[in-house]
Structures are given as C-alpha cells and as structure tokens.
Amino acid sequence: MSTSNTTRQITIFDTTLRDGEQSPGCSMNLSEKLEVAQALVDLGVDVIEAGFPITSVGDFQAVREIANSVTGSTICGLARCREPDIDRAWEALQGGDDVRIHVFLATSAIHREFKLRMGKEEIIRRAVDGVKRAKSYCDNIEFSPEDAARTEVDFLCQVVEAAIDAGATTVNIPDTVGYATPAHFSSVISSLVNRVPNIDKAVISVHCHNDLGLAVANSLAAVESGAGQIECTVNGLGERAGNCSLEEVVMAMRTRNDYYKVDTRINTPRLVPTSRLVSNITGMLVQRNKAIVGRNAFAHEAGIHQDGMLKESTTYEIMRPQDVGFMRTDLVLGKHSGRAALADRAKALGYHLNDEQLVSVFEAFKSLADKKKDVYDGDIAALIEQQNTTIVDQWKLVTYEIQSTSGNTPTATITLSHGDQETTATKSCGDGPLDALFSAIEEITGKAVVVRDFRVQSATRGKDAQGESIIEAEFNGRMYRGRGVSTDTVEAGTRAFLNVINRIEVGAGESDRNEAI
Ligand code: KIV
Ligand code: ZN
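Rules used in this analysis
- Residues numbered from 1 in each chain as written.
- Chains lettered and ligands numbered in written order.
- Predicted model: local features only at pLDDT ≥ 70, side-chain atom pairs only at ≥ 80, totals over all residues.
- Heavy atoms only, no water.
- Helix = DSSP H or I, 4+ residues; strand = E, 2+ residues; numbered from the N terminus.
- Buried < 20%, exposed > 50% of the residue type's maximum accessible area, 1.4 Å probe, protein only.
- Areas by Shrake-Rupley, 256 points an atom, 1.4 Å probe, with all protein chains shown as cover.
- Lys, Arg positive; Asp, Glu negative; His and termini not counted.
- Charge placed at Lys NZ, Arg CZ, Asp CG, Glu CD.
- Near = heavy atom within 4 Å.
- Polar contact = N/O pair within 3.5 Å; in protein donor to acceptor, adjacent residues only side chain to side chain.
- Nonpolar A, V, L, I, M, F, W, Y, C, P; charged D, E, K, R; others polar.
- Donors = N, O, S within 2.8 Å, 3.2 Å for Na, K, Ca; no water.
- Axes fitted to C-alpha atoms, helices over the stretch in contact; angles between N-to-C directions.
- Parallel < 35°, antiparallel > 145°, perpendicular 65-115°, else oblique.
- Left-handed = near helix turned anticlockwise from the far one by under 90°.
- Contact = heavy atoms within 4.5 Å.
- Phe/Tyr/Trp six-rings, centres within 6.5 Å; stacked < 30°, edge-to-face > 60°.
- Pairing = 2+ DSSP bridges.
- Patch = residues over 30% accessible without salt bridge, like charges linked within 9 Å, V, L, I, M, F, W, Y side chains within 5 Å.
- Salt bridge = Lys/Arg side-chain N within 4 Å of Asp/Glu carboxyl O.
- Core = buried A, V, L, I, M, F, W, Y, C linked by side-chain atoms within 4.5 Å.
- Domains from an automatic or database assignment.

### Focus on the overall build of the chain
When helices and strands are tallied, the chain shows 19 helices and 16 strands. Among the 517 residues that make up the chain, the fraction classed as buried is 54%. For the chain, the accessible area works out to roughly 22300 Å², and carbon and sulfur atoms hold 48% of it. Taking the 54 positively charged and 72 negatively charged side chains of the chain as two groups, their mean positions are separated by 2 Å.

### Focus: the site of ligand 1
Residues in close proximity to ligand 1 include Arg 18, Asp 19, His 102, Phe 104, Ser 144, Glu 146, Asn 172, Pro 174, Thr 176, His 207 and His 209, which together make up its full environment. Within the side chain of Arg 18, one N or O atom sits 2.9 Å away from an oxygen atom of ligand 1. At 3.1 Å from an oxygen atom of ligand 1 is found a side-chain nitrogen or oxygen belonging to His 207. In the complex, the protein chains occlude 94% of the 260 Å² of accessible area that ligand 1 would expose alone. Only helix H1 (16–20), strand E5 (99–106), strand E6 (141–146) and strand E7 (170–175) provide two or more residues apiece to the shell around ligand 1. Taken together, the residues of the shell around ligand 1 sort by class into 2 nonpolar, 6 polar and 3 charged.

### Observations regarding the coordination of the zinc ion (ligand 2)
Here the zinc ion (ligand 2) is held by the protein donor atoms Asp 19 (OD), His 207 (NE2) and His 209 (NE2), which lie 2.0 to 2.1 Å from it. Motif for the zinc ion (ligand 2), donor spacing along one chain: D-x187-H-x1-H. A residue pair is termed long-range when its members are at least 10 positions apart, and Asp 19 in helix H1 and His 209 in the loop between strand E8 (203–208) and helix H9 (215–224) qualify at 190 residues. Among the residues examined, His 209 registers a relative accessible area of 4% and is labelled buried.

### Here's the deal with the packing of H9 against helix H10 (residues 246–255)
Each pair of packed helices gets described by two things: the angle between the helix axes and the distance between those axes. Where H9 meets H10, the closest approach of the two axes is 10 Å, and the angle between their N-to-C directions is 45 degrees. By the angle class used here, H9 and H10 are oblique. Crossing of H9 over H10 shows right-handed handedness. Mapping the contact onto sequence places Val 216, Ser 219, Leu 220 and Val 223 in H9 and Glu 248, Val 249, Ala 252 and Met 253 in H10.

### Quick look at the packing of aromatic side chains
Enumeration according to the criterion identifies 7 aromatic pairs in this entry. Consider the rings of Trp 90 and Tyr 137, whose centres lie 5.6 Å apart with planes at 10 degrees: the pair is stacked. One end of the pair, Trp 90, is in helix H4 (residues 83–93); the other, Tyr 137, is in the loop between helix H6 (120–135) and E6, and 47 residues separate them in sequence. Given the relative accessible area of 17%, Trp 90 is considered buried.

### So, the sheet that holds strand E15 (residues 467–475)
Within a sheet, each strand pairs with its neighbour through backbone hydrogen bonds, oriented either parallel or antiparallel. Strand order in the open sheet formed by 3 strands is E14-E15-E16, and the pairing between neighbours is antiparallel. The sheet is open, and its two edges are formed by strand E14 (450–458) and strand E16 (478–486), each paired on a single side. Geometrically, the sheet is characterised by an average inter-axis angle of 15 degrees between neighbouring strands, direction not taken into account. Pairing analysis gives 9 bridges linking E15 to E16, with the strands arranged antiparallel.

### Describing a nonpolar patch on the surface
A surface patch of nonpolar side chains, about 210 Å² in accessible area, is lined by Val 451, Phe 454 and Val 456. Tracing the sequence through the fold places Val 451 in strand E14.

### Considering the nonpolar core
Ranked by size, the top nonpolar core spans 96 residues in total, and within it Phe 143, Ile 173 and Ile 230 carry the most contacts. Sorting elements by how many residues they give to this core places helix H7 (residues 153–166) first, with 9 residues. A domain-level breakdown of this core finds at least three residues from each of domain 1 (8–282) and domain 2 (298–324). One finds Ala 412, Ile 414, Leu 434 and Ala 473 within the second-largest nonpolar core, a separate group that totals 26 residues.

### Things to note about the environment of Lys 290
In this fold, Lys 290 is placed in the loop between helix H12 (271–282) and helix H13 (303–311). With a relative accessible area of 10%, Lys 290 lands in the buried category. In the structure, Lys 290 is positioned 55 residues away from Asn 235 in sequence and 8.7 Å away in space, judged by C-alpha atoms. What Lys 290 contacts, discounting residues up to four positions off in sequence, is Asn 235, Ser 245, Glu 247, Glu 248 and Ala 297. Polar contacts involving the side chain of Lys 290 include one to the side chain of Ser 245, which spans 3.2 Å.

### Some words on the packing of helix H15 (residues 339–348) against helix H16 (residues 355–371)
For the pair H15 and H16, interaxial distance at closest approach is 10 Å and the crossing angle is 110 degrees. Relative to H16, H15 is oriented roughly perpendicular. Between H15 and H16, the residues in contact are Arg 339, Leu 342 and Ala 343 and Leu 358, Val 359, Val 361, Phe 362 and Phe 365, respectively. Here the contact of H15 with H16 is built from residues that sort into 7 nonpolar, no polar and 1 charged.

### Quick look at helix H17 (residues 377–387)
The buried fraction of H17 amounts to 8 of the 11 residues, a majority that puts the element mostly inside the structure. Within H17 the residues assigned to the buried category are Asp 377, Asp 379, Ile 380, Ala 381, Ala 382, Leu 383, Ile 384 and Glu 385. On its buried side, H17 packs onto H12, H15, H16, E15 and E16.

### Examining the pairing of E7
Burial analysis of E7 places 6 of its 6 residues in the buried class, the great majority of the element. Here E7 shows two buried faces, one formed by Thr 170, Asn 172 and Pro 174 and the other by Val 171, Ile 173 and Asp 175. In terms of strand pairing, E6 meets E7 through 2 bridges, oriented parallel. Bridge assignment links Phe 143 to a residue of E7, and that residue is Val 171.

### Observations concerning the pairing of strand E13 (residues 421–428)
Where strand E12 (residues 411–418) lies against E13, 8 bridges are found, and the strand directions are antiparallel. For Thr 411, the partnering residue across the bridge sits in E13 and is Ser 428. Hairpin connection between E12 and E13: a loop of 2 residues separates the two successive antiparallel strands, and Gly 419 in this loop has a positive phi of roughly 60 degrees.

### What about the sheet that holds strand E11 (residues 395–403)?
The strand order E11-E12-E13 describes an open sheet built from 3 strands, whose pairing is antiparallel. Since the sheet does not close on itself, it has two edges, and those belong to E11 and E13, each with one partner. Averaged over all pairs of adjacent strands, the angle between their axes in this sheet comes to 15 degrees, without regard to strand direction. Contacts between helix H18 (residues 433–445) and the sheet are confined to E11, E12 and E13, with E12 contributing the most and set at about 40 degrees to the helix.

Here it is, written out as structure tokens:
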C-alpha cells in the first residue's frame, strides 16, 4: 500500500460497450453505441472499450466508427491472443488518433485444462506472441490473463512479467468469474507489485465481476495495493451479475479520498444522466435503491432522518446529490411554464438539446402538462429520452379505442399513419386490451412479432405519474427493444410496441454476434 500523502490518479476504463453490451438483453445498435461513447467522453472516462471486433460485423463497425469519430478518450478494441483477432482489432482501430489493443488469454488451471488444453509454456508463448503482434501495430497495449484471480500466483507473476517484456503497457488482472474477496484480491495485486521485476513498466489494472456482490470492494482493495486502472461499466452492466459499477467505485474513491488518496478524471455530475442514458438504451432498469444513481439513493423517508437533514444535510448524507447529477430540489414545472424554464431544467438534468429537439420536447411537455398538474424531473427526463431517439418513426399512432370488461374478450380499434396514409384495424382477441391492440398493430403493419418481455414502471411519483413501458420482442430471429411513455399505461405499452415495429422497419435490432466466440 502506498504510504505517500499525494493523490494518485486512477485511470477509469469503461467496458459498458464491450463486457456490458455482451450480456443478455443489453445489445445496442451502432447509433446507440455512438451515443453512449460520446456520453462516456463527456463523463470523463479515460479509456472506452468499444467492442470485440472479430465477434461480429456490428462490433467491428462500432469500434471503427467510435475510433474514427469520438475524441477525448482512448478507444480500445478487444482481441484474443490470435492473429486473426488482433489483425481485425487493428483494422477497426487504425483510423483513430488515440487507440489501444487489448489482448487476452486465460491462465488459470481450469481454463488451461478444459478450455484451452494448453500447458503453461504454451500459454506464455501465446501471450508473448499476441502482445508482440499487437505491439507491431500500436504502442498502447493491454494484456489480460483471463481468470487471473483463480490462477496460481507464481504462474500469474511469470505470465505478467513475460507480457510486459513483450511490450504490454497495461496488465489487467481480471476476476473473470467474480470469485475473489477483497483481502485475497489485494494479496494477488501485492504479489505482482512485489514479485514481478518489470512491473514498474506497466500500469496494473483490475477487472472485477460481481458474482458475489464484491466487484466494487475488490477493485478498491486492488487500488489500495497499487492498481492504477479500474475496469468498470455504467450501472454495473456486464456478464452474469455484471462488472464493477463505475458510479459506485468512482464515488467511493472520491468520497473516501481521505483514506484512499486517489482521484479520477470523472465529471461526477454526469453520473446520473449517463446512467439514465444507458438504462434507457439497454432497457436495463436501475433498481430504486441502487447506490449513487438509484431513485432512492438520496431520498429520506424516516422522520428522524428528515429532521436531521433539515438541520444539517451531512447528518445523513455522505455525498451531495448534485455531485452525482441529481437535483437538490425536484422543482416542479406546470402548464404555465415556458420554453426557457424547460430548457433550463433540461440543461440542469444534463441534457444538451439543440433547437429542433427543444421544440419537440416542449410540444410533448405541453401536452403532458395538460394531463398532469405537476411535471417532475423524472417526467422531463422520460420525455427527452423518448424524443431523443435516433429512430425516425415510419408508423405513428393516430388514435385507439378499447373495450374491455372482465370475463369478456377485449376489442381494440387502432389507427396508424404511414406517410400520408392512415389505416385502421379492429381486433377482438387475447387476454387483455394490450394483446388486442398489439394484434391490430401487427395486422396493419404486416409484422408478427413474439413479445419476450414486457415491463411498465412509473417515471415519477403520484397517481398521475407517467408510465414507462419497455418491450423486448423477437422478429425473424432478431431481438428488438421498444420504449413508450404516457400517463396512460395502455398507451405507454402501445407506443413501446409501435417503437419495436419502427425499429424492425429500419433494421435497428440487436447485433448478431458470432456465438462460437
Ligand atoms: O472477465 C474477463 O476476464 C474479461 C476479459 C476479456 C478482460 O472480460
Ligand atoms: Zn469481464
């Protein structure tokens, strides 16, 4: 552990677009990935892992587009220690000004024996060859011994030393299966610091999975032992139980700077807007009591707490809500609020709206304010995210009517427009009004989809709160995600379904990943 009093800078490496995106239900299309990449730059992330180029055309294109067009962070592409992977990663990255190739190879006995069927010497040889090939393309090379936390420490030290000798500038120590505990993981990092002779030539990074709920704790323990980079994801997305949560680990280091004596470049008031954006795009809802970015993270319900808060906020708050991007006061807007007030509020919530976007959000705000007396921050965020979609709607909802009484088959009539043309269909089927509405939409659009998941949650509080609906549906073997918002939950569901259909129209489904990888 460092005994110095000076603050060390920790590199934040975000893998939302790679480890996060590869987890079930979190796929993003190209324009969504570009939007997230820009948000990560605005957040102040040092390195963005944009994808794993060999795995699919979608991943390749995303890494290439992000490397070519996004500036302000290092852009990284992942590759196994195999020539075709590394060459493909470089092909995607080569147009960028500031890029990194990340190569990995498993080192634990379990992976050596059952997955790779390789002995220790061969692992070292392949790791060295992989790093050297990547180094022939660029200087900034990261090497990861996959499943490092379950690798014999002596062997881990040998592999890490060889990778650094071959040119790795960052050595990342993954706890691939979330098996480590803080004291154990800290001792692994200390062993590397103390036993690898050339360790000062590379930055030690950590990449912790959350299977035991310890990813943040393990990452912090590693920082105490000398790690200089943390790999993490927005909202803790990632394989299985996810990765170390960016917002949690960053705020832990910032809030407990007195103890850790470390800092990051993260612009913390962007944490909540970035979390909302990623949640909105992936459809992965943030649990209410999630640390830092959950809706309840700064809510005080108990009388004693509220009393203490009114007297002095530090009695019950260790961070200020505005430091992570929550507004201190949920200032209420209503139907008399003007465009300037809305623009101010959107800006304070962390959204940059251009004039055209402001016009459409203001229109939606006015119609919402007609139905709902008080418009809260959550309502405004939901409206902006709804309007801010990159999908241009081909099919638009004109009107619908439902008849539904208990015990009887519901009937739905809906009119949709497509260009100048309006079409109406009536369906009497299913076990609820939404079922009947979805069938009528399918009849009009000629697209039959299979709904795999359907959720509704309220965007704010109160009986007149807006409902946010998210639908995941399959069409021709591809998954599509749709989102709809309305004060009426039936309308929210209908809009979400229509959003799925519009995404099918423009081919904005999840990318096809090569399952063999
Ligand atoms: O969990 C893991 O081991 C990984 C590596 C590719 C770094 O994601
Ligand atoms: Zn991982």
